[in-house]
Amino acid sequence: MFASRLDLLLIFIPVAVALDVLKADALLVFGASALAIIPLAGLLGRATEHLTCHVGAGIGSLLNASLGNAAELIIALVALREGLHDVVKASLTGSIIGNVLLVLGASMIAGGMKYERQRFNQTAAGLGSSLLVLAAVGLIIPALFHFTAADRGVRIEHELSLLISVVLFVIYCLSLAFSLKTHRHVFAGGSHDAGDLGGRPWSYRLSLGVLTAVAILIGVMSEVLVGAIEPAAHQLGLTQVFVGVILVALVGNAAEHSSAVLMAMKNKMDLALGIAVGSSMQIALFVAPVLVFASYAIGGHPLDLIFTPFEVAAVTMSVLILGFVSMDGESHWMEGVMLLGVYAMLAVAFYFLPA
Amino acid sequence: MFASRLDLLLIFIPVAVALDVLKADALLVFGASALAIIPLAGLLGRATEHLTCHVGAGIGSLLNASLGNAAELIIALVALREGLHDVVKASLTGSIIGNVLLVLGASMIAGGMKYERQRFNQTAAGLGSSLLVLAAVGLIIPALFHFTAADRGVRIEHELSLLISVVLFVIYCLSLAFSLKTHRHVFAGGSHDAGDLGGRPWSYRLSLGVLTAVAILIGVMSEVLVGAIEPAAHQLGLTQVFVGVILVALVGNAAEHSSAVLMAMKNKMDLALGIAVGSSMQIALFVAPVLVFASYAIGGHPLDLIFTPFEVAAVTMSVLILGFVSMDGESHWMEGVMLLGVYAMLAVAFYFLPA
Amino acid sequence: MFASRLDLLLIFIPVAVALDVLKADALLVFGASALAIIPLAGLLGRATEHLTCHVGAGIGSLLNASLGNAAELIIALVALREGLHDVVKASLTGSIIGNVLLVLGASMIAGGMKYERQRFNQTAAGLGSSLLVLAAVGLIIPALFHFTAADRGVRIEHELSLLISVVLFVIYCLSLAFSLKTHRHVFAGGSHDAGDLGGRPWSYRLSLGVLTAVAILIGVMSEVLVGAIEPAAHQLGLTQVFVGVILVALVGNAAEHSSAVLMAMKNKMDLALGIAVGSSMQIALFVAPVLVFASYAIGGHPLDLIFTPFEVAAVTMSVLILGFVSMDGESHWMEGVMLLGVYAMLAVAFYFLPA
């Protein structure tokens, strides 16, 4: 129901294209393409899930896990090709903190309005938090290296980023083996229930077709969006980093946002947490390394993992507050307020940061 | 009983005034006014509690929560009016780490001497720890901004501090709604039992009168104390920051200290933890923002939230060790030793820090 | 059985001496002496345990605790006497992170291959983690002081390091009183069971003799090893810090490594955790302060506790990930993978760091 309301935003696809062709105001182009991507990201998620039903649990879960953040990946790839490395890294940061703080915070408040306490599976939450600590370590190391050993030169820094990407990617693959294979039962119930959300009987070929079409549309819309970032940011008096951390990340996470909030309101806090923390974790351990690898394939200046001190601090603080909040296996509205409070303070700081 | 022993220190009120009028040695003036504030802070707490009985549970709890650190607030306001911003911030830092490390550490040791293990309510402890992590985030952001984007200028830094103060204050208000209203039962027992401590049947008007009189006396003594900080620090060969972090904070926290230790010795670890962590949390989320707002009302240079790297690190480390120590819902004397150990190491460092 | 296989490496004692006397290639000397120390460290541990049986539980446990990292202590003392302060500090860092990440990570994987989940005593694990946070605080303070108040001069920094060493050492002694005396039963079973490992009936005098002989041999081998560090590092194109953090630490921890992995495979995760975390904690709270004290006894430039930013960050991150991973009182292979992942990322960074 909610999903179909979001689908009304699909009207912005032709609007964005028309505005872009007519060389309209960059702000309008940015807004329209952003609004168009929101339902596309949702559709992509649903198409993946339906495809999942046709290929068996094993490959299905794998597909689901890998395509879960396909929209973010496509946007970032387009920005990467345009050489906007700062925007790429800012959108990664924004996706990680957005999921942990904004999506989870809103879910805990929405759920906490109806239920005094909501319990969730501590093993799954603990694994997610620990993997995010690992991801934070993966961001801290290159940044600290950059600030204490900058004289080693850019080449060494790129090698370090590449090796850390390999470690993060290997750990991501092993975490899939863990959650989809050896310890599947611990996470049971999750992926099945998620299928409830807007489920309609699609055939296998239709799913595959929809998936491909939606991915192409997201790609096209991302081109329009990325092309409008610089002039739109300029017009709004915002830095590109702020646009990447807050606005682009909001667009990419909108689908997760609505699903997680819906799950929390149905008292399925496990699923809400799984969506928010799982998505953050996937951005850090899968999307970020894949972008680094892709930058070598694309050629030109390779992408490094040297985030700004503020980005590193934002991710580290988000991960720590998540650990404190999820430690007890319970949530209530005040925990949601705290997560949103940290998000608000970080957003204010990113707003004031110079370009 | 213990409270009345502390009351003997009230004799230092006239002593401090006399010494100040006679322009005696700054060290004597500092010592006498410090000793005079200790019983006054205790009296203020008891007067608030007795007033509480007359106004109904709702407003009573609110009063209790807001006036809990009134002594610290008054001292800081006096220092703020004198333009001693470094002393104000140092005393905030000192109150936060003093409560978490010194007061709680001493309570755990005192309680641990009599009881092998003491259990406490994990939900309440978890909320307090999480709110302190949030407060630490609120201190880290302006400091990091200052060190990475100092070129944005003082005006932007003040705006950032003000906005973060607003976020912290809103979260404080919401945490009151949480603990006094929607989830009151989780914290039940706490405020009622605390009334045992030195309870005498006072009438409503008497309570109100005592409250006002004590507040005025604290104000007067704070004037004397703050006026003596600089010459006394100079005489002792100490920096004003050390005096603020260690000595002034000790004076402001003495009442909490004795109550928390007493509670721990009665095996009411929940209350001891509530006093120590609650007081720290209140300093960070209520007193600090109120001082920032007050600095705008007073006029002159507004107060910012840019603490020194050492202050930020001290608060962050205290909060993290509190998280580790309170995680299991149990305490023993060794956990108290660890908290005191961290306090000792920080005190040594603040002692050696240059002005 | 496994212990006796390691004992075959004892053949490298005469080999190392011969190579050293013949002024052979530094790399061969380094390798041979490193291989010789591995079984000696194991022997020292077993000799200590057997001695323990003859002196009564109290002094025995004390002996065990103090001599547990005797090999590391001897190597570091030799390096200290040679004035290789950076190598000493690097080997301390390497021992702390090596035990927490490599030894514990390998144990969790080895145990997790056979058992789906392994439970451990949360009180003991929590105490170890908290003591390691304390140790991290003890490393952060001097480093932060060095970076923010370097103008205070070297003398003040040495005083600060000395005072922090005293605090850490006192806390170590109190933690022994806690675990061996007042709360012995919480840790019960541990030290007794550990005696299984390769236990043969030795007499008291023999134990004492073996202990002394082994300590002397480790001393001799350490001289050879330390003498070869610089030329060997040069030949391998490695920095002395990398050799200290990764290679020397590996040699010193090899005995703990094999015992912990064996215990984990026998599903005695409590013991594995106790060995790994206990050893890290002992390095930080006992070996490090003793080395600082010893540097004053030896004369010359005293040892300080100012570790490099990367070393401080490495220890802090290791301790935090340990907290997240041990929080739930359970382990599985994926937690082991995460610990090894952090170790791999840190090792890569130390490899690239300039001298």
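Predicted, not measured: the structure shown is a model, and the values here were computed from it.

### Details of the overall build of chain A
Scanning chain A from terminus to terminus reveals 14 helices and two strands. A compact globule built from 355 residues should have a C-alpha radius of gyration of about 20 Å, and chain A, at 19 Å, falls within 12% of that. Once the C-alpha set of chain A is aligned to its principal axes, its extents read approximately 50 × 50 × 40 Å. A burial count over chain A gives 60% of its 355 residues as buried. Long-range contacts, defined here as pairs at least 24 residues apart, represent 85% of the contacts in chain A between residues at least 6 apart. Surface accessibility of chain A: about 13100 Å² in total, with carbon and sulfur atoms responsible for 67%.

### A few points about the relation of the copies chain B and chain C
Superposing the two chain copies requires a rotation about an axis and a translation along that axis. Note on the copies: chain B fits chain C at an RMSD of 0.0 Å, the axial shift is 0.0 Å, and the rotation between them is 120°. Both copies of the chain, as the preceding transformation shows, are related through a three-fold rotation axis. For chain B, the minimum C-alpha distance to the rotation axis belongs to methionine 327 of chain B and amounts to 4.7 Å. Both copies present different contact surfaces, since only 8% of the interface residues of chain B are interface residues in chain C too.

### Observations concerning the UniProt feature "domain: Sodium/calcium exchanger membrane region" (unreviewed entry) in chain A
In the numbering adopted here, UniProt assigns the feature "domain: Sodium/calcium exchanger membrane region" (unreviewed entry) to residues 27–180 and 207–351 of chain A. Here residues 207–351 of chain A is 85% helix and 1% strand, with 40 Å between the C-alpha atoms at its ends.

### Some words on the interface of chain A and chain B
On the chain B side, the residues contacting the 26 residues of chain A number 37 residues. Both sides together, the interface formed by chain A and chain B hides about 2800 Å², and carbon and sulfur atoms give 84% of it. Summed over the three residues of chain A that lose the most area to chain B, namely Phe324, Met345 and Phe352 of chain A, the buried surface amounts to 27% of that side. Between the two partners, chain A and chain B, sit three residue pairs in polar contact (both at pLDDT 80 or more). Every element with two or more residues in the side of chain A that touches chain B is listed here: α13 (309–326) and α14 (333–352) of chain A. Among the elements that take part in the side of chain A that touches chain B, α14 of chain A stands out by supplying twelve residues, more than any other.

### Section: the interface of chain B and chain C
If you look at the interface, chain B gives 26 residues, while chain C gives 37 residues. Of the roughly 2800 Å² buried between chain B and chain C on both sides combined, carbon and sulfur atoms contribute 84%. Taken together, the links from chain B to chain C amount to zero salt bridges. Split by residue class, the side of chain B that touches chain C holds 22 nonpolar, two polar and two charged.

### Some details on the relation of the copies chain A and chain B
Its rotation angle being 120°, the transformation that places chain A on chain B also includes 0.0 Å of axial translation and leaves an RMSD of 0.0 Å. An asymmetric contact is evident, with only 8% of the interface residues of chain A recurring at the interface of chain B.

### Description of helix α2 (residues 12–21) of chain A
Given 3.6 residues per turn, any residue in an α-helix points the same way as the ones three and four places further on. All names here are of chain A. Of the residues making up α2, those classed as buried are Ile13, Ala16 and Leu19. What you see down the axis of α2 is that its buried residues fit within an arc of 135°, all on one side. Looking at the packing, one finds that the buried side of α2 touches α3 (26–54) and α10 (204–236). Positive backbone phi, approximately 50°, marks lysine 23, located one or two places after α2.

### Thoughts on the pattern of salt bridges
Residue and element names in this part refer to chain A. Inspection of the entire model under this criterion finds 18 salt bridges over all chains. With its nearest N and O atoms 2.8 Å apart, the salt bridge here joins arginine 155 to glutamate 159. Here the residue arginine 155 and the residue glutamate 159 both occupy positions in helix α8 (residues 154–182), the gap between them amounting to four residues, near one helical turn. For glutamate 159, a relative accessible area of 34% corresponds to the partly exposed category. One continuous salt-bridge network, built from bridges that share partners, spans Arg81, Glu82 and Glu223.

### Comments concerning the packing of aromatic side chains
Within this structure, the stated rule accounts for 24 aromatic pairs over all chains. Look at tryptophan 333 of chain B and phenylalanine 178 of chain C: their rings are 5.5 Å apart centre to centre, the planes differ by 80°, and that puts the pair in the edge-to-face class. Here tryptophan 333 of chain B is found in helix α14 (residues 333–352), whereas its partner phenylalanine 178 of chain C is found in helix α8 (residues 154–182) on a different chain. Pairing tyrosine 351 of chain B with phenylalanine 352 of chain B gives two aromatic rings, centres 5.4 Å apart and planes at 70°, and the pair type is edge-to-face. Taking relative accessible area as the criterion, tyrosine 351 of chain B reaches 45% and is therefore assigned partly exposed. Judged by relative accessible area, phenylalanine 352 of chain B falls into the buried class, the value being 6%.

### Topic: the packing of helix α7 (residues 122–148) of chain C against helix α13 (residues 309–326) of chain C
Residue and element names in this part refer to chain C. Closest axis-to-axis distance for the α7/α13 pair is 9 Å, and the angle between their directions is 160°. It follows that α7 is roughly antiparallel to α13 by the angle criterion. In this structure, the crossing between α7 and α13 has a hand that is left-handed. Residue-level contacts link Gln122, Ser129, Leu132, Val133, Ala136, Leu139, Ile140, Ala143 and Phe147 of α7 to Pro309, Val312, Val315, Thr316, Val319, Leu322 and Ser326 of α13. In the contact of α7 with α13, the residues fall into twelve nonpolar, four polar and no charged.

Calculation rules
Residues numbered from 1 in each chain as written. Chains lettered and ligands numbered in written order. Predicted model: local features only at pLDDT ≥ 70, side-chain atom pairs only at ≥ 80, totals over all residues. Heavy atoms only, no water. Helix = DSSP H or I, 4+ residues; strand = E, 2+ residues; numbered from the N terminus. Rg over C-alpha atoms; globule rule 2.2 N^0.38 Å. Buried < 20%, exposed > 50% of the residue type's maximum accessible area, 1.4 Å probe, protein only. Contact = heavy atoms within 4.5 Å. Areas by Shrake-Rupley, 256 points an atom, 1.4 Å probe, with all protein chains shown as cover. Least-squares fit on C-alpha atoms with pLDDT ≥ 70 in both. UniProt positions renumbered as here; feature names shortened; annotations may be inferred. Buried area = accessible area lost by both parts, 1.4 Å probe. Polar contact = N/O pair within 3.5 Å; in protein donor to acceptor, adjacent residues only side chain to side chain. Salt bridge = Lys/Arg side-chain N within 4 Å of Asp/Glu carboxyl O. Nonpolar A, V, L, I, M, F, W, Y, C, P; charged D, E, K, R; others polar. Arc of directions from axis to C-beta. Phe/Tyr/Trp six-rings, centres within 6.5 Å; stacked < 30°, edge-to-face > 60°. Axes fitted to C-alpha atoms, helices over the stretch in contact; angles between N-to-C directions. Parallel < 35°, antiparallel > 145°, perpendicular 65-115°, else oblique. Left-handed = near helix turned anticlockwise from the far one by under 90°.

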